[in-house]
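Coordinates in review
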Amino acid sequence: MAPERTSLLARLHAKPDKVDEVRTFLEDALPLAEDEEKTLSWYALQINDTTFGIFDTFAGEEGRQAHLDGDIAAALMEHADDLLEEPPEIEHVDVLAAK
C-alpha cells in the first residue's frame, strides 16, 4: 500500500459572488502545500458551481495535525467569513487503499 494512511477532506461552500476568489485562493495555496514536508499529496477541487474541496494525504496523524496547524488552514479560517456561506466542513478520514 502507498504510504498515505491518513487524510483530510474539506468542503468549502463559496458565496455565489465569491466563487472566483475561492478558486484563486485554492490555486494560490499550492506553493504552501508543496512546502509542507509531511503533506504527501494535496488536491484542490471544484465540485460544482459554488462547492469546492480540498483532499490531502499524510503518512500519519503527525502530518495531518501539522497541516491543520499550517499556513493554508490559517489563511482559510482568516477569510472564511468573507468567502464562504458556512464554515468549512473538515473531516478526518483514513485511507483504506491507494495506488
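Predicted model, so just to flag it, every value in this text is computed and none were measured.

**Digging into the sheet that holds strand β1 (residues 6-13)**
The strand order across the open sheet formed by four strands is β2-β3-β1-β4, and the pairing between neighbours is antiparallel. Unpaired on one side and paired on the other, β2 (39-46) and β4 (89-94) mark the two borders of the sheet. Taken pair by pair, the neighbouring strands of this sheet meet at an average axis angle of 15°, ignoring direction. As judged from the eight bridges shared by β1 and strand β3 (residues 51-58), these two strands associate in the antiparallel manner. When the sheet's bridge partners are listed, A10 is paired in β3 with I54.

**With respect to the packing of helix α1 (residues 19-35) against helix α3 (residues 71-83)**
Each pair of packed helices can be described by the angle between their axes along with the distance between the axes. It is the contact of α1 with α3, at a shortest axis distance of 10 Å, that shows an interaxial angle of 170°. What the angle tells us is that α1 and α3 run roughly antiparallel. Of the residues in α3, those in contact with E21, V22, F25, A29, L32 and A33 of α1 are D71, I72, A75, L76, H79, D82 and L83. Its residues placed into classes, the contact of α1 with α3 shows nine nonpolar, one polar and three charged.

Calculation notes
- Residues numbered from 1 in each chain as written.
- Predicted model: local features only at pLDDT ≥ 70, side-chain atom pairs only at ≥ 80, totals over all residues.
- Heavy atoms only, no water.
- Pairing = 2+ DSSP bridges.
- Helix = DSSP H or I, 4+ residues; strand = E, 2+ residues; numbered from the N terminus.
- Axes fitted to C-alpha atoms, helices over the stretch in contact; angles between N-to-C directions.
- Parallel < 35°, antiparallel > 145°, perpendicular 65-115°, else oblique.
- Contact = heavy atoms within 4.5 Å.
- Nonpolar A, V, L, I, M, F, W, Y, C, P; charged D, E, K, R; others polar.

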